[in-house]
Amino acid sequence: MADPAVASGGSLNAGGRGSGGKAASSPAENYYLARRRTLQVVVSALLTECGFESAEKAAVETLTEMMQSYISEIGRCAKAYCEHTARSVPTLSDTVVTLIEMGFNTDTLPVYAKRSQRMVITAPPVTNAPVTPKALSAGQKRTHPAHIPSHFPEFPDPHTYIKTPTFREPVSDYQVVREKAASQRRDVERALTRFMAKTGETQSLFKDDITAFPLIAAQPSTIPYLSALLPSELELQTLEETDSSEQDDQTDSENAAGNIINDDPGADKENSMLPPSGGVPSTKATEDNVIDNPYLRPVKKPKVRRKK
Amino acid sequence: MNRKKDKGFESPKSVIGYVELTIFPTVVNLNRIKLNSKQCRIYRVRVNELEAPFIYNDPTLEVCHHESKQRNLNYFSSAYTAAVSAVDPDAGHGELVIKVPSELWKQGDDLKVLKVYIEFSLDQPKGGLHFVVPDMEGSMAERGAHVFSFGYQNSTRFWFPCVDSYSELCTWKLEFTVDASMVAVSCGDLVETIYTHDMRKKTFHYVLPIPTAAPNISLAVGPFEILVDPYMHEVTHFCLPQLLPLLKHSMSYLHEIFEFYEEILTCRYPYACFKTVFVDEAYVQVSTYASMSIFSTNLLHSAMIIDQTPLTRRCLAQALAQQFFGCFISRMSWADEWVLKGISGYIYGLYLKKTFGVNEYRHWIKEELDKIVEYELKMGGVLLHPTFSGGKEKDNPTPHLHFSIKHPHTLSWEYYKMFQCKAHLVMRLIENRISMEFMLQVFNKLLSLASTASSQKYQSQMWSQMLLSTHAFLKSISNVSGKDIGPLIKQWVDQSSVVKFFGSFAFNRKRNVLELEIRQDYTSSGTQKYVGPIKVTVQELDGSFNHTLQIEENSLKHDIPCHSKSRRNKKKKIPLMNGEEVDMDLSAMDADSPLLWIRIDPDMSILRKVEFEQADFMWQYQLRYERDVVAQEEAISALEKFPTPASRLALTDILEQEQCFYKVRMQACFCLAKIANSMVSTWQGPPAMKSLFTRMFCCKSCPNIVKTNNFINFQSYFLQKTMPVAMALLRDVQNLCPKDVLNFILDLIKYNDNRKNKFSDNYYRADLIKALTNSLTPAISINNEVRTVDNLNADVRLILEEITRFLNMEKLLPSFRNTITVSCLRAIRQLQKNGHIPSDASLFKSYAEYGHFVDVRIAAVEALVDYTRVERSSAELQWLLTMVHNDPVHYVRHEILSMLCKNPPFTKTTTDSALCNEALVDQLWKLMNSGTSHDWRLRCDAVNLYYTLFGLTRPSCLPLPELGLVLNLKEKKAVLNPTIKPELGVGTVMDTPAMTFIRSFLLKTLIVMNPDPISLGVCGVGQPPQGLKRKAETPLGSPPEPGQILQQQDDDGRGGRYKIREEDIDMETVHDSQAFIHHHLNLLERPSTPGKEPPSVEQSMLSMPATPVPSFSKETPSLSSKHSSEHGHHHHHHHHEHKKKKKKHKHKHKHKHKHESKDKEKDRERDNSHAYSNSPASGRSLRSPSLSD
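Residues numbered from 1 in each chain as written. Chains lettered and ligands numbered in written order. Predicted model: local features only at pLDDT ≥ 70, side-chain atom pairs only at ≥ 80, totals over all residues. Heavy atoms only, no water.

**Focus on the overall build of chain A**
If you tally the helices and strands in chain A, you get 11 helices and two strands. Moving toward the C terminus, one meets the helices and strands of chain A in the order α-α-α-α-α-α-β-β-α-α-α-α-α. For chain A, the residues scored as buried account for 28% of the 308 residues in total. Relative to all contacts within chain A whose residues are 6 or more apart in sequence, the contacts with residues 24 or more apart total 44%. (Helix = DSSP H or I, 4+ residues; strand = E, 2+ residues; numbered from the N terminus. Buried < 20%, exposed > 50% of the residue type's maximum accessible area, 1.4 Å probe, protein only. Contact = heavy atoms within 4.5 Å.)

Given below as structure tokens:
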């Protein structure tokens, strides 16, 4: 509430210098300007009352600002009190309570009001209170259905609650979809490989233009069989998606197997990347003790030193 | 065996070991013990706690000597054979000769147990054991470092001293001390695992109570992940870290194979446990040893992989079949190898039949038959059971070969593969003759005899049952079946070569008789004459009829009466061989003849090639209606010659027929492509197979888009893979691949979508790239302009785009076994070769380097080999040969050489190649002479390459030796360079008598090893009576080298119970022992480095009094020459003599003989000594490395 006043107060100075026509561009602004001007007059009157003969513009302005803040605060507070008691219009008692709350002695008010040297100032010019612009109403507002009493608020504008589906019919033509998927994948792959080729070492098939068909340089790896044999993450993912429907016979046999793993710490880690078909059956623990395989037996501690 | 991998970086690939043999002499005068050992450094040998002097002499290290300028292969082959013979354990020879200390002679004479202890080490072995140590950070276990034993045939001598023969059985106790993070897998039962005192290492104790030959012993050590087979807890699988999920999947079928074999053989698996180990950089895909098999890790696969699955299962089945025949039952001698390979191959075939079906089995048999026929017709015969009677070189049973088949180690790898192939085919022929039931009974009998024998404590007679000879096998067959298969054996086993038939026929309408003419070609190389029955099947309108004809000397024509009159208009179903009755459209056939088709030898019961002539419609009927896949495949290949619309229709129908065997349909694709190309001007409709593919695999609504992949039906998967590859072979009138075919394939690639598939599509995509490759045709080139991006053909640009993208994507998302990279590399080479892109080897070189997946490397090497040939590039050839020298992977080395043989840069007939120069000759000569001594297979590959490039004679690019000029011109053969002829002559002279001597000698020197009562309660060990064995096996002669012959006078110790204990010896100990040996040798008046002063070395051996040979007098004629060779080193004599005195009382008659022969020697000596110095194997010991070097 105070903000527009302050803002307009800022513009008041400028406006006072003679660009009023420009300042009075909107009715709401005019309204606030007029109030502010009145307030300035009031401040000036009070200063005169106190015996000042002249005041700097800035001082007056500051006092005006303070005054405005004070009054605004009283208004805000009074409104809060009134709303607190479920009313919409503040009463005198709201104001009084506010003033007391703000540390103002209300008893001094009648005396002050009736002081002798009180200057009477002219009423501010009547300006039209700003009209809140009417919200754009879209569509027909819905009337209350029978079970809702009429005193309840009206329905808001329909656009605020009605879903209007706006998507286009998706392309369901199989050919186009496949076409799109294919070219999308190809573009992604090409972009990716080009990027890799640009950022790393490359080999070329042509001597004259080494950028023509860039090949990512072959890098020997220390354990080449791992990448060549293990399924890639992507493939594993694909498998997981597809096999829920089709993996049946294999899991059966695996489960029956009671596949046992030793205490190898790596084993569990491995299982996580395992395609479900090769999965370790859950019966692991129960059969573990049944198997007697020499490789699973614990390593013995050395005996007493043997003869050498 | 303590591997020192854990011991630090200075020597990460070494082994320190200790061998203990228990020898039970069976003859008196055992004073020499000969063992096999290669590349081991031997520190110390003790016999019964006494230090024993020894000589370590390996003539195969360098076959011919430096000074020799000989460069012809004949010379090399005979020298190499001689060298191998000289250390052949089957003949009682060995590289390591141990002198039994004289203190023990008495004991030996009493036939008491001798124990031989050998301490040895191996440092960075080049053969026998392969260390894989990835070059990266981390502990050995984290790096997945491992080691395993390997070798071609009997190669155990590479990693510990032993009697490296398949026929020397003994029981074993094995101990391996390894880093605590490692697992040592070896033969037999793991008894216990014990930490060493510092708790940093573990010792694995194995006991193998079943008598086993040394070549069947193996070892694998690594940080293996362990999987106990869920179905059979005594079976354990091992794989390298991170591969456990693959191992689980791949091994989930092993139990079925076990069950199958045990059921058909009605015999339990002979060993108490079985282990499979999967290792990287394997020498061969499958190698089996007693109770364990070592496989290539690349056989492992996940559930998503289709193509690898049957291959892996086949490998498992093969390995397991060899466990029964090959490991448990071992061969008596090299000549009996075919029986074991044959039986294991045969039961493996039965497994294939059961698992993959009869169609697959028959297809496989046909494939194998075609292979062996093709090989024999090209290279000459493959002889299964060679006999070397008389030992004369002239009796060489396989004169057409450039290598000797006397030893497995001189055999070309290709030949050996064909040998195995023929062996199992012959077993099948025997089955045809005596029925499968009898066949299995024979196997069962052999196995039960062997297993009874194996459970016995040492009894020499009993254990021989575990060795199988040709004779015993045939006897068993005749006992069980009561049938005489003599002729069959004579034809296919004792004789090499295959039969080549030409057939044609005419129908005599009047007599209603089919006049069949069957001719033979038995004059060209690799063929033999067949006499005997042959089955002919004639499909007539009335049904199918079998006729058995007799092929005789002079009868070519056979009249076969027909059953049906030609009455083709009656609508009646036609009965087929299998009882099925079908409707046929008979309009195509000859109105006068009731014959639909004729098949010669439909059951493949002869090893033959048949070229049969019948009309195109008959082939078409055969393709459509004959139910046998072999007949269908024959019909398809025959139809290639009949490019008519009718053939097209028949092939298309087969392609579409889903009941038809998928491999037949795949073959039909390629035939259809060929026919379409022949018919290009009259071809109607869309390109062949396109509409078919569209119908089968493309979307109904949009026929240009392939369905998303679903490979659940394997038959259609294989067809889907094959059709584009075949289609790409189509050519239009301009001999280019039709535009719409290319676009079609590009669309397949573009729309390929595997997201909904539960199987990987890597093989499919690889085949699509192959299709692109097939579509390439030579570029039109003007003036050999340089190929640039700008003048790239538009279609090729598209292809190149795809290949580039695929190859790059593979770097980010590698496919299984990098199949796509492999295809891309081939495609790039093809682009280069056709002149679309500049020919350049650097890309392939980078992919060929160590550190890429082996398939990729092989593909790159293949491209390089091709590049070398096309561009005649000596730089690339050098690069390849350097790799043969240096590459860490044995398989790659082998492949390089065999690919160079298949696709040689030049051949013996091309004379103008710039590559063919003296330097290359020297280089290759060096390679086979000394560069490949650690790997028999590689050496034979090098020999093959040398043969391919230069032939048998002295390479033409070498300057002719002065004296040789005349003779070379005169004799068209020019096989022998005149300068070496005298030497060879001498070699032959030496050869024969020496051999006779050895043979007779061996008969007398029977040595049996006995259990050692003290040592750790290991049960007895023995050997078959060697006399028996040696009798059966015929001479193993070849010019033995003088040094070797000297040693042969003495007894050889054979076999024994081994106790290999790998002990931790730190360097101080090693030095100590060396110092000890040094000292000891000095005491014996031997130089510390015997190699440099050969006379002294010889002396120490010569000083041994020769063993008296009871039957000596009979053999005297042969002795002279033997001794003549001995006295090539006449300067030893004085040593000889003064030692002799000491032992006089013991060996009187021997001395007598010595003196007797000496006179002759001296005479000969004068004549021959100069020759010996040049003889292939002479003077080996002069240069041989010795223990204290």
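This is not the end of the story, as more comes after the structure.
**A look at the packing of helix α1 (residues 73-86) of chain B against helix α26 (residues 918-931) of chain B**
Residues and elements named next belong to chain B. Put simply, α1 and α26 touch, their axes get as near as 12 Å, and they point 5 degrees apart. In terms of orientation, α1 and α26 fall into the roughly parallel class. Seen from α1, the contacting residues are L73, Y75 and F76; seen from α26, they are W925, M928 and N929. Within the contact of α1 with α26, the residues separate by chemical class into five nonpolar, one polar and no charged. (Axes fitted to C-alpha atoms, helices over the stretch in contact; angles between N-to-C directions. Parallel < 35°, antiparallel > 145°, perpendicular 65-115°, else oblique. Nonpolar A, V, L, I, M, F, W, Y, C, P; charged D, E, K, R; others polar.)

**Observations regarding the nonpolar core**
Residues and elements named next belong to chain B. Judged by nonpolar contacts, the single largest core of 356 residues is most densely connected at I98, Y261, F325, W338, I430, F443 and F473. In terms of residues, this core owes the most to one element, helix α6 (residues 337-379), which gives 17 residues. Beyond its immediate stretch of four places on either side in the chain, W338 contacts L384, H385, F419, A423, V426, M427, T470, F473, I489 and V493. (Core = buried A, V, L, I, M, F, W, Y, C linked by side-chain atoms within 4.5 Å.)

**Considering the sheet that holds strand β31 (residues 608-612) of chain B**
The strands that make up a sheet pair up through hydrogen bonds in the backbone, lying either parallel or antiparallel. Residues and elements named next belong to chain B. Across the sheet, which stays open at both edges, the four strands sit in the order β27-β24-β23-β31 with mixed pairing between neighbours. What marks the edges here is a single partner per strand, and that holds for β27 (557-561) and β31. Between one strand and the next, the sheet's axes are offset by a mean angle of 25 degrees, whatever the strand orientation. As judged from the eight bridges shared by strand β23 (residues 499-508) and strand β24 (residues 513-520), these two strands associate in the antiparallel manner. Bridge pairing in β24 links N508 to V513. (Pairing = 2+ DSSP bridges.)

**Structural notes on the state of the cysteines**
Residue and element names in this part refer to chain B. The tally for this structure, following the rule as stated, stands at zero disulfides over all chains. Left without a disulfide partner, C267 is nearest to the cysteine sulfur of C327, which lies 14 Å away. We classify C267 as buried; its relative accessible area is 14%. Unpaired in terms of disulfides, C669 finds its nearest cysteine sulfur in C671, a separation of 10 Å. The class of C669 is buried, set by a relative accessible area of 0%. (Disulfide = S-S within 2.5 Å.)

**Some points on the interface of chain B and chain A**
Opposite the 99 residues of chain B that make contact, chain A presents 77 residues. Across the chain B to chain A interface the summed buried area is about 7,700 Å²; carbon plus sulfur atoms make up 62%. Viewed at the interface, chain A and chain B are joined by 19 residue pairs in polar contact (both at pLDDT 80 or more). Per-element tally for the side of chain B that touches chain A: the top contributor is helix α20 (residues 794-812) of chain B, with 11 residues. (Buried area = accessible area lost by both parts, 1.4 Å probe. Polar contact = N/O pair within 3.5 Å; in protein donor to acceptor, adjacent residues only side chain to side chain.)

**What to know about unusual backbone geometry**
All names here are of chain B. With phi around 45 degrees, N48 is a residue other than glycine that occupies positive phi space. Mapped onto the elements, N48 comes out in the loop between β4 (41-47) and β5 (50-51). In this model, M689 sits at a positive phi of 75 degrees, which is unusual for a non-glycine residue. Assignment of secondary structure puts M689 in the loop between α15 (662-678) and α16 (690-697).

**Describing the sheet that holds strand β15 (residues 219-222) of chain B**
Residue and element names in this part refer to chain B. The sheet built from four strands is open, its strands ordered β9-β10-β15-β12 with antiparallel pairing. Looking at strand neighbours, the two that pair on one side only are β9 (129-132) and β12 (183-186), the edges of this open sheet. Direction aside, neighbouring strands of the sheet carry axes that sit 10 degrees apart on average. Relative to β15, β12 runs antiparallel, the two sharing four bridges. Directly across from V183, in β15, lies its bridge partner G222.

**A look at the side chain of K173 of chain B**
Mapping K173 of chain B onto the fold places it in strand β11 (residues 169-179). Within the structure, K173 of chain B has its side chain in polar contact with the side chain of E175 of chain B (distance 2.9 Å).

**A short note on the environment of R313 of chain B**
All names here are of chain B. For R313, the position within the fold is in helix α5 (residues 308-324). As a C-alpha pair, R313 and S250 span 63 residues in sequence and 8.0 Å in three-dimensional space. Residues within four places of R313 in sequence aside, it is in contact with Y253, I257, Y351 and F356.

**With respect to the UniProt feature "domain: Bromodomain associated" (unreviewed entry) in chain A**
Within this numbering scheme, the UniProt entry marks residues 31-108 of chain A as carrying the feature "domain: Bromodomain associated" (unreviewed entry). Along residues 31-108 of chain A the backbone is 76% helical and 0% strand, and the end-to-end C-alpha distance reaches 32 Å. (UniProt positions renumbered as here; feature names shortened; annotations may be inferred.)

**Re the packing of aromatic side chains**
Throughout the structure, instances matching the rule amount to 55 aromatic pairs over all chains. Measuring from centroid to centroid gives 6.3 Å for W334 of chain B and Y416 of chain B, while their planes differ by 35 degrees, and the two rings are tilted. Here the residue W334 of chain B occupies a position in the loop between β21 (330-331) and α6, and Y416 of chain B occupies one in helix α7 (residues 413-434), the gap between them amounting to 82 residues. Here W334 of chain B and Y416 of chain B have matching classes, each one buried. Relative to W364 of chain B, the ring of Y361 of chain B has its centre 6.2 Å away and its plane inclined at 40 degrees; by these criteria the two rings are tilted. Pair noted here: Y361 of chain B and W364 of chain B are both in helix α6, with a separation of three residues, about one helical turn. In terms of burial, Y361 of chain B and W364 of chain B fall into one category: buried. Among the aromatic residues, those joined into a ring-pair cluster are F258, F260, Y261, Y269, Y271, F274, F324, F328 and Y351 of chain B. Of note, R115 of chain A hangs over the ring of Y112 of chain A, and the distance from its end group to the ring centre comes to 3.9 Å. R805 of chain B extends its terminal NZ or CZ atom over the ring of F806 of chain B, reaching a point 5.5 Å from the ring centre. (Phe/Tyr/Trp six-rings, centres within 6.5 Å; stacked < 30°, edge-to-face > 60°. Lys NZ or Arg CZ within 6 Å of the ring centre and 35° of its normal.)

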